[in-house]
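Close look at the chain arrangement
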Amino acid sequence: MSSTPHLRSLNINNINPHVKEAKYAVRGELAVRSEEYRAKLAKGNAGLPFEKIISANIGNPQQLDQKPITFFRQVLSLLEYPPLLEHEDVLLNQLGYKSDVLERARWLLKTVGSVGAYSASAGAVGIKDSVAKFIEERDGHPSDPKDIYLSAGASSGVNTLLHIICSSPNTGVLVPIPQYPLYTASLAVLDAKCVPYYLDESKGWGTDLEAIKTAYNKAVAEGTDVRAIVIINPGNPTGASLAEEDIKAVIDFAAQEKLVVLADEVYQTNVFIGKFHSFKGVLRNLQKEDPEKYKYVELASLHSVSKGMVGECGHRGGYFELVGFDPEVVEQIYKFVSISLCAPVIGQCLVELMVNPPKEGQPSYPLYKQEWDGIFSGLKKRATALYEAFQEMEGVECQVPQGSMYLFPTINLPAKAVEAAKKQGRSPDEFYCFRLLDATGVCVVPGAGFGQKENTLHFRTTFLAPGTEWVGRITKFHKEFMEEFR
């Protein structure tokens, strides 16, 4: 025990142990080192073997030069400073604003009053109406605004729902592996149990119902109270997009075992192959076919302004919709969100713009469509370039990019590289990613940060960074790395 007198109340040994237990690799040691390199480059440091950091570790589109949608930002500018609306002639004739921008800003100001004021705890009523209409048009089934909660990004919604679900250290939640570490980290903080089920890499990272059943039965046999199942669709970190039959199978299992379904659907517009199917739409179809079987299925669907072609991570806007929850539980969810008062109101307004963008025939539509399509095609082009590069790299295997913003390739490393990693006290994939960063300035995340099957190695990379020059950096590094440790 240290003989140094206590100078502070808190030390590493007496803070919440569950916070210490939580891990969040996306912003871990690699990301910290990359920011140190970025700071050196900003000061003109010439000692590094690269001139720019590529933050391929996180889905942060506008940090990587994705341009904001003009309509969205023009409306937000008027919401932040309403006196601009008194100069309509200047806005329309000198600054390039369109009449529908001014109309939307006035409507939103009427709806929220001021973006500097608190809204209702579950969000501004008019904005929830817009979200409900969007869901109805997407799924072909009714949506009730009272079931919608506006949140500070989808992460805040996940936090709310897990707080409600996790009642004891024995509570378990089925989580896909590999997964976005928000879920495992949040469960660790809540002192609840992650029940991992493995996705099938050989089938494009599809959801394997047998793997889910095996994980569930094992956890229940060990005495875990499994309450919920998380599905990320399209997937993070895998980029997989689920077929309708896979979604039906999950809902069937949830109905059978009385599991809450948490459908993380923040990448629903990032689909390159096939079509996005929402859990809400599939559930409603099943309920029409067999009302009694699916009557009590509990579903929470989440969406966000952070991803897709919107990419407004910093504005912290999102929502979740509840289906089938007990009214007394809903009261507690409302109470929980009320503790935080409300989601950022400017973020709520951005949610409204996302779900209710300019329509064909409206003045802002041509530019909106041009920007949206340009971002989508750029993402698809870079995903394809990265995938093709991985196909040419020795010992690298990668699934065809289906959606989201990520690829999650397998890397097969030489035995000497594995041994070198051990000497540094790192996992082999972590060792590889650090070497990649040090040599190229490209920051990715080792597969260990997302979970992976034993004796497999991966890394996750976004394909958000502009251009393809940085892909060449990865290819060159990999060839030299394999030669070094052959």
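Up top is the structure these notes are about.
Read on for an overview of the structure.

Thresholds applied
- Residues numbered from 1 in each chain as written.
- Predicted model: local features only at pLDDT ≥ 70, side-chain atom pairs only at ≥ 80, totals over all residues.
- Heavy atoms only, no water.
- Helix = DSSP H or I, 4+ residues; strand = E, 2+ residues; numbered from the N terminus.
- Rg over C-alpha atoms; globule rule 2.2 N^0.38 Å.
- Buried < 20%, exposed > 50% of the residue type's maximum accessible area, 1.4 Å probe, protein only.
- Pairing = 2+ DSSP bridges.
- Right-handed = clockwise from strand over helix to strand, strands pointing away.
- Salt bridge = Lys/Arg side-chain N within 4 Å of Asp/Glu carboxyl O.
- Axes fitted to C-alpha atoms, helices over the stretch in contact; angles between N-to-C directions.
- Contact = heavy atoms within 4.5 Å.
- Phe/Tyr/Trp six-rings, centres within 6.5 Å; stacked < 30°, edge-to-face > 60°.
- Lys NZ or Arg CZ within 6 Å of the ring centre and 35° of its normal.

Summing up its helical and strand segments, the protein chain has 18 helices and 14 strands in all. Taking 2.2 N^0.38 as the reference for a compact globule, 486 residues should give roughly 23 Å; the C-alpha atoms of the protein chain span a radius of gyration of 24 Å, in line with that estimate. Its C-alpha atoms give the protein chain principal-axis dimensions of roughly 65 × 60 × 60 Å. When each of the 486 residues of the protein chain is scored for burial, the buried share is 53%.

With antiparallel pairing, three strands are arranged side by side in an open sheet as 10-14-13. Each edge of the open sheet carries a strand with a single partner, namely strand 10 (406-407) and strand 13 (445-446). Inspection of the sheet shows strand 13 paired to strand 14 (residues 459-462) by two bridges, in the antiparallel sense. Paired with P446 across the strands is F459, a residue of strand 14.

Bridging between strand 3 (residues 171-177) and strand 4 (residues 193-198) involves six bridges; their strand directions are parallel. When the bridges of strand 4 are listed, P176 appears paired with Y197. Traced from strand 3 through helix 8 (residues 182-189) to strand 4, the parallel crossover comes out right-handed.

With that settled, consider the pattern of salt bridges. Per the counting criterion, the structure on display carries 22 salt bridges. Close ionic contact of D144 with K146 constitutes a salt bridge, the shortest N to O distance being 4.0 Å. A residue is classified by how much of its surface remains accessible, and D144, at 33% relative accessible area, is partly exposed. E394 is the partner of R486 in a salt bridge, and the nearest nitrogen-oxygen pair spans 2.9 Å. You can see R486 sitting in the segment after helix 18 (469-484) and its partner E394 sitting in the loop between helix 15 (365-392) and strand 9 (396-397), a full 92 residues away along the chain.

Moving on to the sheet that holds strand 2 (residues 148-151). Pairing in this open sheet of seven strands is mixed, and the strands run 2-8-7-6-5-3-4 from one edge to the other. Strand pairing shows two members of the sheet lacking a second neighbour, strand 2 and strand 4, which therefore form its edges. Here the strands of the sheet are splayed against their neighbours by 20 degrees on average, with no regard to which way each runs.

Here we come to the environment of K40. Note that K40 resides in helix 2 (residues 29-42). Residue K40 is classed as partly exposed on the basis of its relative accessible area, which comes to 39%. The residues touching K40, leaving out its near neighbours within four places in the chain, are N45 and L48.

A word on the packing of aromatic side chains. All told, the structure shown has 19 aromatic pairs when counted by the stated rule. Pairing F408 with F450 gives two aromatic rings, centres 5.8 Å apart and planes at 85 degrees, and the pair type is edge-to-face. Taken as a pair, F408 in the loop between strand 10 and strand 11 (410-411) and F450 in the loop between strand 13 and strand 14 lie far apart in primary sequence, 42 residues in all. There is no split in this pair, since F408 and F450 are both buried. Between F481 and F485 the ring centres are 4.9 Å apart and the planes differ by 50 degrees, which places this aromatic pair in the tilted class. Taking the relative accessible area as the measure of exposure, F481 reaches 1% and is therefore buried. For F485, a relative accessible area of 9% gives the class buried. Here the basic side chain of K128 rests over the ring of Y149, its NZ or CZ set 5.8 Å away from the ring centre. When the ring centre of F434 is taken as origin, the NZ or CZ atom of R426, which lies over that ring, is 3.9 Å away.

This part takes up unusual backbone geometry. With omega at 5 degrees, the peptide bond leading from I177 into P178 counts as cis. By secondary structure assignment, the location of P178 is in the loop between strand 3 and helix 8. In this chain, N233 is followed by P234 through a cis amide linkage whose omega measures -10 degrees. Although it is not a glycine, R316 adopts a positive phi angle of roughly 50 degrees. Tracing the backbone through its elements, the reader meets R316 in the loop between strand 7 (299-304) and strand 8 (318-323). Looking at R316, the relative accessible area reads 30%, which means it is partly exposed. The phi angle at L341 is positive, at roughly 70 degrees, despite the residue not being glycine. Within the secondary structure, L341 sits in the loop between helix 13 (327-339) and helix 14 (345-355).

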